[in-house]
Amino acid sequence: MSHGSAGSADNQLDALIARIHGLSGAVRSAQGEAAPDERRDVPRPSEGADSVASRFAAASELGSDGRRASEADDETSPTPASPAASRLAASSPAARGGSAVPDSPAIVGSLAPRMRSADKGSAAALGPFQAGRDEPWRPDEPQTLEQSGARESMVEQILMRYMLARGEVEGRQIADQIKLPFRLVEPILERLKRDQTIAHKRGTATGDYVYVLSEAGRQLARNYNADCTYYGACPVPLDDYIASVRRQTVEGQQPRRSELQRAFADLLINPAMLDRLGPAVNSGRGMFLFGYPGNGKTSIAERVTAAFGKYVWIPRAVDVDGDILRVFDPMNHVAEMPESDGGLLDVGGYDKRWVRIRRPTIVAGGELTMDMLEVQCNRETNISEAPLQLKSNCGTLVIDDFGRQKMSVDQLLNRWIVPLEKRFDYLNMSSGKKIQVPFDQLVVFSTNLEPKDLVDDAFLRRIPYKIEVTNPSEEDFRKLFEIMCKVLKIPYRAEPIDHVVETHYKPVNRPFRNCQPRDLLLQVRNYCLYHDRPVELKNEYFDFAVENYFSVM
């Protein structure tokens, strides 16, 4: 780096730091507080960093109000009514209404804590996020450890397990791993260093340090690891998770007809069927889809969630009095995180312990067992996994092929008869503690059997909507051939379809099914490809496909 460029960078960083201090003074002035001294001793890394990196690191250690996190933590703040209310205060319009936020340049929007809204009609006061139907709530980045709801002892255990696994690691890498802001993690690291549990191995060019465990620290970390091996994102308190589900409930979505039409745009749905589905989806509670196989019950159930808002936020893990309960599951959840500003001065704007996902649609078929509906604890790691119904909160849970599960229908009935009505469930943790959690999803039971032959009246009463998916009409059946020809890129001709209906259906009173046009066209295509012929519709090709398809039907 040349002297000229270094001097220019120095001046820019000095101006940035001065601007932050100036904004801090403006905020305190608006709140009637005395401004602190503008001149402060900025700590420099002990080795290996030039003046530009040092000042950059000093700026990154400042909090959102222009002070270091340690200084901000020393100040006294009003005590909220409850821990959950304190941690989610930024999502409360009433709490935001009393905040004194001065008019300021764009830098305030990037450094001040961004406010979140849970009300559909209100807009976020700062930052790009604005509450709406697609995303009714977003978790704020915690400004203090108390606001995060995380216990310091748990944070210590998680970061020491991580250091035991990694060997040596930078401070900001630790913060990234446990998904807490570095300003909240740094005081814990400093305390552990004073206790000679960890040590600095070397400095970094960004003003950080590479940390290693001391011999005493390794022994302590092994003890922590023997109790539990978890070293992922710092868990979110159970109360915060329960409050988040209330803010994002499916019952609050109430989709309209246009939204259902958009959700089922790729399916041929009879208008009368759509009118029956609409109120059931709008209720956000539960429904039976029954009828003959092959008419699209599963396809309908899987698309229901698209009628709701796009996103919900769920925690990566939940803290249940020291027990770790993992909620985010990449196998069942599709993460779609908002874009981050990036960089050392990135304040994020949201709590990284949470994941924004598409409203979940979880499908369980014949493989469903009672164990999948309870908390599953791995005895070797002592990490618990959330059951399916908890993972499907704020979305849709589809029980496909209902009545063909490994467990009996009576077992499922007895397990869910109360949650379906009360909208909450009880789970048993491995420690013996029983917790109450939300049961907030649209439950869809899809079956080829008559519901009254499967369950008793008491269970049917708790599933308010029973919708039969009927066979398509001849007109719809022909229309399905035309739609699927476009999908499969097969030139459509009406004459071969007439041949199929008049030759293979009407004479033998064969019922139409929604799946049959697709299945027959696939057989025609595969036949043509095998014989190295152009893929097209011919009567003889359909004769071959029908003979194969209905040979044992």
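Everything in this summary refers to the structure shown in the same document. Note that the structure is a prediction, hence the values are computed from the model and not measured.

## Thoughts on the pairing of strand E3 (residues 209-213)
Piece 1. Of all the 5 residues making up E3, 5 are buried; the element is thus mostly covered by neighbouring parts of the structure.
Piece 2. Side chains Tyr209, Tyr211 and Leu213 of E3 all project onto a buried face; the interleaved residues Val210 and Val212 project onto the opposite face, where all are buried too.
Piece 3. The sheet contact formed by strand E1 (residues 168-170) and E3 spans 3 bridges and is antiparallel. Pairing of Val169 across the sheet is with Tyr211, part of E3.
Piece 4. Examined bridge by bridge, strand E2 (residues 198-203) and E3 share 5 bridges and lie antiparallel to one another. Across the sheet, Arg202 pairs through a bridge with Val210, a residue of E3.
Piece 5. Following E2, the chain reverses through 5 residues before pairing antiparallel with E3; Gly207 in that reversal takes a positive phi of roughly 85 degrees.

## What to know about the pattern of salt bridges
Piece 1. Scanning the model with the defined rule gives 34 salt bridges in all.
Piece 2. Asp208 serves as the salt-bridge partner of Arg172, at 3.9 Å between the closest nitrogen and oxygen. Of this pair, Arg172 sits in helix H9 (residues 171-178) while Asp208 sits in the loop between E2 and E3, placing them 36 residues apart in sequence.
Piece 3. Classification of Asp208 by relative accessible area gives buried; the value is 2%.

## Digging into the sheet that holds strand E16 (residues 442-447)
Whenever strands of a sheet pair, they do so through backbone hydrogen bonds, lying parallel or antiparallel.
Piece 1. An order of E10-E13-E16-E5-E17 is seen for the 5 strands of this open sheet, with the pairing classed as parallel. Every interior strand has two partners, whereas the edge strands, strand E10 (361-364) and strand E17 (465-468), have only one. On average, each strand axis in the sheet is inclined to that of its neighbour by 20 degrees, with strand direction left out of account.
Piece 2. With 4 bridges joining them, strand E5 (residues 286-290) and E17 adopt parallel strand pairing. Counted as the bridge partner of Phe290 is Glu468 from E17.

The rules behind the values
- Going along each chain's sequence as written, the residues are numbered from 1 onward.
- Given that this is a predicted model, residues contribute local features only at a pLDDT of at least 70 and side-chain atom pairs are listed and counted only at 80 or more, while totals for whole chains, interfaces and linings are drawn from all residues.
- Water and hydrogen atoms play no part in the side-chain values, which are based on all heavy atoms of the structure.
- Only protein chains enter the accessibility calculation, which uses a 1.4 Å probe. A residue is then buried if its area is under 20% of the maximum for its type, exposed if over 50%, and partly exposed in between.
- A run of H or I in DSSP becomes a helix once it reaches four residues, and a run of E becomes a strand once it reaches two; helices and strands are each numbered from the N terminus.
- Paired strands are those between which DSSP finds at least two bridges.
- Salt bridges are defined by distance alone: a side-chain nitrogen of Lys or Arg within 4 Å of a carboxyl oxygen of Asp or Glu.
- An axis is simply a line fitted to the C-alpha atoms; with a helix, the fit covers only the stretch in contact. Between two such axes, the angle follows the N-to-C directions and lies from 0 to 180 degrees.

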